[in-house]
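Residue-level structure breakdown
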Amino acid sequence: MTDPRPIGVFDSGVGGLTVVRAIMDELPNEAVLYFGDTARCPYGPRSLEEIRTFAVQIAHHLSGQDVKAIVVACNAASSAGLEDVTASVPVPVVGVIEPAVRAAVRATRNGRIGLIGTVATVSSGAYQRTLDRLDPQRSARLVSRACPLFVESVERGDTTSPGLMRAAAEYLAPLSEADVDTLILGCTHYPLLRGAIHHVMGPGVLLISSAEEAADDLYDVLASGDLLREEPGPPVHRFESSGDPERFAELGRRFLGPEFPGARHVALDMAGHP
Ligand code: DGL
């Protein structure tokens, strides 16, 4: 049995490409259909209700193109509306929060886990709720910090400037003071700032990116649902953005590499109506 349909993946912008990278590494035979909602990026400062509406709208858009599974490659959207997305489409849905928390609980030695994310993700409390469920004995404690400037820096292609390094030092200082030994990069844009974050936190802190963990979950879903693509030829990937496709393609090539074939513009209703 082979299922040639693509895997739908979405994010507010280029951040979800870190998840696509992990999917391509772990499931190189699978085709990806990616949607970057760059016209409405960033999601972080928006209300959870608005983000939920956008997430359900994009999931419908992907499901209308016959995807076999959807990966919500955005922590803000996973925090605000993973259940709503799951309930609104007829295919399996994988989020990024639970895989990251599972990996952090496994990795921490001193029980102090840091979380950095957007304002929406941190204020939603979704990580704390997931930790409470996965670690019912409360052996680990979560210390959270929102990093509002990070997403805009990545979307500008800035991963090294002095301004970015200053922001990183300021955002991360409370986490170093709290002596976290494990830090969840709770936004799919942040693995693109891994160097800067590692530079500030130092080598003693393990950085957890949900990208690889989410790809593991996707593998399980496809394998157990008999949904793997087993065609002989290489998969054809497609990328869509709600904003400028040229700009998206430029960043896509920089962050994903030569697999990025270019992007097509898709206009969705900006208010999130289907
Ligand atoms: N990459 C996103 C996340 O994982 C979105 C951030 C944003 O648009 O603010 O949360």
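Rules used in this analysis
Each chain carries its own residue numbering, running from 1 in the written order of its sequence. Given that this is a predicted model, residues contribute local features only at a pLDDT of at least 70 and side-chain atom pairs are listed and counted only at 80 or more, while totals for whole chains, interfaces and linings are drawn from all residues. As a convention, hydrogens and water are excluded, and side-chain values are obtained from all of the structure's heavy atoms. Counting from the N terminus, the helices are the DSSP runs of H or I reaching at least four residues and the strands are the DSSP runs of E reaching at least two. It is over C-alpha atoms that the radius of gyration is taken, and the globule rule equals 2.2 Å times the number of residues to the power 0.38. Type-normalised accessible area, obtained with a 1.4 Å probe on protein chains alone, sets the label of each residue: buried when under 20%, exposed when over 50%, and partly exposed for intermediate values. It only takes one pair of heavy atoms within 4.5 Å for two residues to be counted as in contact. To be clear on the numbers: accessible area is Shrake-Rupley with a 1.4 Å probe, and residue cover counts the displayed protein chains and nothing else. Charged-residue counts in this description rest on Lys and Arg as positive and Asp and Glu as negative, His and the chain ends being excluded. To locate a charge, take atom NZ for lysine, CZ for arginine, CG for aspartate or CD for glutamate. A carboxyl oxygen of Asp or Glu within 4 Å of a side-chain nitrogen of Lys or Arg is what we treat as a salt bridge.

Of the regular secondary structure elements, the protein holds 11 helices and 10 strands. For the protein, whose C-alpha radius of gyration is 18 Å, the value lies close to the compact-globule estimate of 19 Å for 274 residues. Here the C-alpha coordinates of the protein stretch approximately 50 × 40 × 35 Å along the principal axes. Buried positions account for 56% of the 274 residues belonging to the protein. A separation threshold of at least 6 residues defines the contact pool for the protein, and within that pool the share at least 24 residues apart is 77%. Carbon and sulfur atoms provide 53% of the accessible area of the protein, an area that totals close to 11,200 Å². Charge separation in the protein, taken as the distance between the mean sites of 24 positive and 35 negative side-chain charges, equals 4 Å.

Right, let's get into the pattern of salt bridges. In the structure shown here, the tally under the stated rule is 16 salt bridges. With a closest N to O distance of 3.7 Å, Arg5 and Asp66 form a salt bridge. Of this pair, Arg5 sits in the segment before β1 (7-11) while Asp66 sits in the loop between α2 (48-63) and β3 (69-72), placing them 61 residues apart in sequence. Relative accessible area serves as the criterion here: at 27%, Arg5 is assigned to the partly exposed category. Notably, a salt bridge pairs Glu250 with Arg247, separated by 3.1 Å at the nearest N-O pair.

Moving on to unusual backbone geometry. Here the amide bond leading from Cys41 into Pro42 is cis, since omega sits at 5°, within 30 degrees of zero. The backbone phi angle of Asp179 is positive, close to 65°, even though this residue is not glycine. For Asp179, the position within the fold is in the loop between α8 (162-177) and β7 (182-185).

What follows covers the environment of Cys147. Turning to its location among the elements, Cys147 is positioned in the loop between β6 (141-146) and α7 (149-155). Residues Cys147 and Glu26, 121 residues apart in the sequence, show an inter-C-alpha distance of 29 Å. In this structure Cys147 touches Ile116, Gly117, Tyr171 and Tyr190, once residues within four positions along its chain are discounted.

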